[in-house]
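# Coordinate inspection notes
Below, each chain spelled out in residue letters.
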Amino acid sequence: MSVVELSGVSKTFQQGKTVALQGIDLAIEAGEFVSLIGPSGCGKSTLLRIIGDLIQPTTGSVTVNGKPAHRARLDRDYGIVFQHAVLYDWRTVAKNIALPLEMLGWSRARRAQRVKEMLELVELTGFEHHHPWQLSGGMQQRVSIARALSFSPALLLMDEPFGALDEMTRERLNMELLRLWEEIGSTVVFVTHSIAEAVFLSTRVVVMSPRPGRITEVVDVDLPQPRTAQLREDPRYFELVTAVREALARGGAEAVVEEELVSGTDG
Amino acid sequence: MSGRIGRRALDWLPAVLVFAVGLAAWQWVFSPLAGRFLLPRPSTIATTLWHNFRLLFDAGWFTFKEALGGYVIGSALAIVVALLFARWRRVGDALMPYAVAANAVPIIAFAPITNAWFGVLNPHSKWAIAGVLCFLPVMVNTLRGLTSVRPEAIELMRSYAASELDIFRRVRIPAALPFVFTGLRVATVLSMIGAIVGDYFGGSTVALGVQIENSISLFDFPFGWAAIVVASGFGIAFYVAVSLAERVVLRGVPSTRE
């Protein structure tokens, strides 16, 4: 059974004046790591939110875990991580991680136990009583990931989670994310506009074109698992990076991608 | 430890010096220039305050209670209205322009009217004017706080299937608290102004505003000034008390104050 199944999904804004997404068909199987890549305005973040039932599609159907997306959201079937960590300043690290557990009505003792495990998982043990603003950007994002995974959702949605971080932190968190993915076995849908990041992390890269957003190509990433840092120097890795870049160019995204590299904006 | 206290004292030194120089200039330059009758010397004001301290303190306390009544009612109402506006945005959007326009009105001009409505001797007349003065800054700040939450913070809550009530309780209200306190601090001063000006247009002879008004009509300027000092003292104490409450409630939250 597919964890995510999209068929004929489209989204228009402003009474049909802006077509954000058009004719999206995509099935994501359990345990996959799928990246959505495309230039700003290709609707990749919108698509992620449609999967999460945070935005309603104009047409088409969305199922998550075999249920309508709305049902899946009410059942807390997914965890989500945004570009900004979105931690609540008035809560400590531990209480931020425990937030979804509170919503699920877990007992205090059970919450404390899980928070401890999650802090170990993201290697932040000892920071439970810190407040978010006392942490670096990378650490904040690790807290945000721990929060998303705290209730063991089958699906993890990530919207450019490392887009606001420096390159070194981003590469380290890429490795950490892969380790977590191996450990917990969730399915991941990952939005990015970094070609290198998409290829390094994913089992499949879904290439999207600019407005109206469509899936132009899907690149299977046949790099061996588990991924290691050395892989970034592997000839096959470079071939796949080139393949994704060319797919983006064929989709008419080249100019936009160049512009994005300069301005560093996101979509 | 003593080193730290010493350094803090040193930080305050310029401000203390300015105060001392200002007082000295008032005592020996401005007061003689303006005439001791119209601008009494600080020493005269201090002596008057000393001799009438009991009377003036009681008057200050009386007027402070008038201000506090209005403050509590006005601020509570403002917070409730801000919550309603934040929950039902359409209503808020429809009514906000009027709230903003009302903010531009010199509300204090209504003081004689509230006196007429409730009766000069009735503390409700002072509550009314102080409350109306407090309402807008608290409402506008609270609403800004409630709606300042970044969209992802709301999306995150919705991903947990949170109800609108959960979102208010766990995100909007905690996020709004620093803004609410900004409004509440501003309102302390406004409520004192409201109560005193309300007194000017008539009130109990015990009230501080009435004492100021009467002493100035009788050309007893030292007494008027002493009463003003007491009014300032209560105003500052009120402000400091709310600031301390803010510190306690918002401990662990980075300050939004400059």
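Predicted model, so just to flag it, every value in this text is computed and none were measured.

Let us look at the overall build of chain A. Of regular secondary structure, chain A possesses 9 helices and 10 strands. The C-alpha atoms of chain A give 18 Å as radius of gyration, which agrees with the globular expectation for 267 residues (18 Å, within 12%). Dimensions of chain A, computed from the C-alpha atoms along their principal axes, are close to 55 × 45 × 35 Å. Per-residue burial for chain A yields a buried fraction of 46% across its 267 residues. Taking all contacts inside chain A whose residues are at least 6 apart in sequence as the whole, residues at least 24 apart take part in 72%.

A few words now on the overall build of chain B. When its secondary structure is counted, chain B shows 10 helices and 0 strands. If you list the helices and strands of chain B from N to C, you get α-α-α-α-α-α-α-α-α-α. Expressed along its principal axes, the backbone C-alpha trace of chain B runs to roughly 70 × 60 × 30 Å. Residue pairs in contact within chain B that sit at least 24 positions apart in sequence constitute 76% of those at least 6 positions apart.

Residue and element names in this part refer to chain B. Between helix α6 (residues 123-147) and helix α8 (residues 164-200), the shortest axis-to-axis distance is 7 Å and the interhelical angle comes to 160°. As summarised for this structure, α6 and α8 are arranged roughly antiparallel, according to the angle between their axes. The element α6 and its partner α8 pack so that their crossing is right-handed. Across the contact of α6 with α8, the residue classes break down as 18 nonpolar, 9 polar and 4 charged.

Attention now goes to the interface of chain A and chain B. Tallying the contact residues gives 17 residues for chain A and 16 residues for chain B. Classifying every residue of the side of chain A that touches chain B by side-chain character gives 11 nonpolar, 3 polar and 3 charged.

Before going further, it helps to spend a moment on the sheet that holds strand β6 (residues 78-81) of chain A. All names here are of chain A. Pairing is mixed in the open sheet, where 6 strands are placed in the order β6-β7-β8-β3-β9-β10. The open sheet has two edge strands with one neighbour each: β6 and β10 (215-220). Strand-to-strand twist in this sheet, taken as the mean axis angle between neighbours without regard to direction, amounts to 15°. The strands touched by helix α5 (residues 137-149) are β6 and β7 (155-159); relative to β6, the strand with the most contacts, the crossing angle is about 170°.

This part takes up the environment of Gly-23 of chain A. Residue and element names in this part refer to chain A. Looking at the element boundaries, Gly-23 is found in strand β2 (residues 18-29). Expressed as a C-alpha distance, the spacing of Gly-23 and Gln-134, which sit 111 residues apart in the sequence, is 44 Å. When residues no more than four places from it in sequence are discounted, the contact partners of Gly-23 are Gly-8, Ser-10 and Arg-214.

Here we take up the sheet that holds strand β1 (residues 2-13) of chain A. The 4 strands are arranged β2-β1-β4-β5 (chain A) in an open sheet whose pairing can be described as antiparallel. The sheet is open, and its two edges are formed by β2 and β5 (67-68) of chain A, each paired on a single side.

The next subject is the domain arrangement of chain A. Many structure descriptions define interface size as the accessible area lost when the parts assemble. Residue and element names in this part refer to chain A. Assigned domains of chain A: these are domain 1 (2-77 + 154-263) and domain 2 (88-152). For domain 1 and domain 2, the distance between their C-alpha centres works out to 25 Å. Taken residue by residue, the interface counts 10 residues in domain 1 and 8 residues in domain 2. Here the side of domain 1 that touches domain 2 takes 4 residues from helix α6 (residues 167-184), the largest share from any one element. By residue class, the composition of the side of domain 1 that touches domain 2 is 8 nonpolar, 1 polar and 1 charged.

The next subject is the domain arrangement of chain B. According to the domain assignment, chain B contains domain 1 (1-39) and domain 2 (45-249). Look at where the C-alpha atoms of domain 1 of chain B and domain 2 of chain B centre, and you get two points 30 Å apart.

Another aspect to go through is the confidence of the model for chain A. Put simply, chain A has an average pLDDT of 87, and 94% of its residues get 70 or more. Note on residues 262-267 of chain A: pLDDT is under 50 here. Beyond four places in sequence and across chains, it has 12 contacts.

Looking only at helix α7 (residues 151-159) of chain B, the buried set comprises Leu-156, Met-157 and Ser-159 of chain B. All buried residues of α7 of chain B lie within an arc of 160° about the axis, which places them on one face of the element. Close packing links the buried residues of α7 of chain B with α2 (69-74) and β6 of chain A together with α8 of chain B. At the exit of α7 of chain B stands Ala-161 of chain B, carrying a positive phi of roughly 60°.

In this structure, Ile-51, Val-189 and Val-244 of chain A are the most contacted members of the largest nonpolar core, which totals 128 residues. With 14 residues, α6 of chain B is the largest single contributor of residues to this core. Leave out the neighbours within four places in its chain, and Val-189 of chain A touches Val-4, Ile-28, Val-34, Leu-36, Leu-48, Ile-51 and Leu-157 of chain A.

Residues and elements named next belong to chain A. Within the secondary structure, Val-143 sits in helix α5. As a C-alpha pair, Val-143 and Leu-119 span 24 residues in sequence and 7.9 Å in three-dimensional space. Ignoring sequence-local partners within four residues, the contact set of Val-143 consists of Ala-85, Leu-87, Val-93, Asn-96, Ile-97, Leu-124, Pro-132 and Leu-135.

Moving on, we get to the environment of Trp-12 of chain B. Inspection of the secondary structure puts Trp-12 of chain B in helix α1 (residues 2-34). Residue Trp-12 of chain B is classed as exposed on the basis of its 9 C-beta neighbours within 10 Å.

What follows covers the pairing of strand β3 (residues 33-37) of chain A. All names here are of chain A. The element β3 is extensively covered by neighbouring structure, given that 5 of its 5 residues are classed as buried. In β3, alternate side chains face the same way, and those of Phe-33, Ser-35 and Ile-37 on one face and Val-34 and Leu-36 on the other are all buried. Both β3 and strand β8 (residues 187-192) contribute to a ladder of 5 bridges, which runs parallel. Bridging across to β8, Ser-35 finds its partner in Phe-190. Bridging between β3 and strand β9 (residues 204-208) involves 4 bridges; their strand directions are parallel. Counterpart to Ile-37 in the pairing with β9 is Val-207.

Reading guide: rules and limits
Residues numbered from 1 in each chain as written. Chains lettered and ligands numbered in written order. Predicted model: local features only at pLDDT ≥ 70, side-chain atom pairs only at ≥ 80, totals over all residues. Helix = DSSP H or I, 4+ residues; strand = E, 2+ residues; numbered from the N terminus. Rg over C-alpha atoms; globule rule 2.2 N^0.38 Å. Buried ≥ 20, exposed ≤ 12 C-beta atoms within 10 Å, placed from the backbone. Contact = placed C-beta atoms within 7 Å. Axes fitted to C-alpha atoms, helices over the stretch in contact; angles between N-to-C directions. Parallel < 35°, antiparallel > 145°, perpendicular 65-115°, else oblique. Left-handed = near helix turned anticlockwise from the far one by under 90°. Nonpolar A, V, L, I, M, F, W, Y, C, P; charged D, E, K, R; others polar. Pairing = 2+ DSSP bridges. Domains from an automatic or database assignment. pLDDT = per-residue confidence, 0-100. Arc of directions from axis to C-beta. Core = buried A, V, L, I, M, F, W, Y, C linked by C-beta atoms within 7 Å.

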